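# Residue-level structural notes
Listed below, chain by chain, are the residues.
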Amino acid sequence: RNYLAIVLMPALLALTICRKTNVQPVKIFFSTYLITMMAVAALAFLHPPLNPAKLIAQKQKDFLEIPVANSQIKTDTLLPETKSLINNLPQAINHGFLRPYIWESKNGFSILLSIELLLYLFLFISFLLFSKNSFSHPHPFVLFGIFIAGCIIILNGYIVPNYNSLVRYRSIYLPFLITPLLCHFPFFNVRYLNIKF
């Protein structure tokens, strides 16, 4: 997909810089994405036809024109402007990472999806509580996967208005988020298995 190629660019740039310098990878990735967002905002101002907000709003419109699905969720309509993306960011994060809620599940399949999400949240909270500083110096490739997965999942949260599709798209990228979390628990830690990256 063309938007995946665009999302890959800053991640690949950050990964390349990490390999060429001794700067902490976390600083490189956050700096690269911050500069990229500023450049995109400037480009949208200088050349409106390339405004990413316009492209994302059009993608959402295309999805909303599809007949309503049983798993449809209420989604605010995006406007083709950066302010609209910023205002709808919390909803995009919610839809991308947290839907479906267990109480909105309509059948056994969607209940299982909700339970799966709850397990992921439990894993994430456990990581925050018990891993302490074990993630203070992550491998650049781990950050590469996390940033790509996070961006794509949030982008889908902006665009896709039903949770069955969100779950399907999210499943491709979840391993980039779940695997690093698991590897920082002693019973999954690759250091105990003598595996080197």
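Summarised in this report is the structure supplied together with it. Computed from a predicted structure; not experimentally measured.

Soluble globular proteins: nonpolar side chains tend toward being buried together. Grouped together as the largest cluster of nonpolar side chains are 22 residues, with contacts concentrated most on Phe29 and Phe144. Among the elements of the structure, helix H1 (2-20), helix H2 (25-46), helix H6 (108-130), helix H7 (140-159) and helix H8 (163-182) are those that each provide at least two residues to this core. Take this core: its biggest share by element is seven residues, from H7. In this view, Phe29 contacts Ala11, Ala14, Leu15, Cys18, Pro140, Leu143, Phe144 and Phe147; residues no more than four positions away in its chain are not counted. The next biggest cluster of nonpolar side chains, apart from the first, holds 13 residues, and it includes Ala53, Ile73, Leu78 and Ala92.

Two elements in contact, H2 and H7, have axes separated by 10 Å at closest approach and are oriented at 30°. With respect to the hand of their crossing, H2 and H7 are arranged in right-handed fashion. Within the contact between the two elements, H2 uses Pro25, Val26, Phe29, Phe30 and Tyr33 and H7 uses Pro140, Leu143, Phe144, Phe147, Ile148 and Cys151. Here the residues of the contact of H2 with H7 sort into eleven nonpolar, no polar and no charged.

Conventions adopted
- Residues numbered from 1 in each chain as written.
- Predicted model: local features only at pLDDT ≥ 70, side-chain atom pairs only at ≥ 80, totals over all residues.
- Heavy atoms only, no water.
- Core = buried A, V, L, I, M, F, W, Y, C linked by side-chain atoms within 4.5 Å.
- Buried < 20%, exposed > 50% of the residue type's maximum accessible area, 1.4 Å probe, protein only.
- Helix = DSSP H or I, 4+ residues; strand = E, 2+ residues; numbered from the N terminus.
- Contact = heavy atoms within 4.5 Å.
- Axes fitted to C-alpha atoms, helices over the stretch in contact; angles between N-to-C directions.
- Left-handed = near helix turned anticlockwise from the far one by under 90°.
- Nonpolar A, V, L, I, M, F, W, Y, C, P; charged D, E, K, R; others polar.

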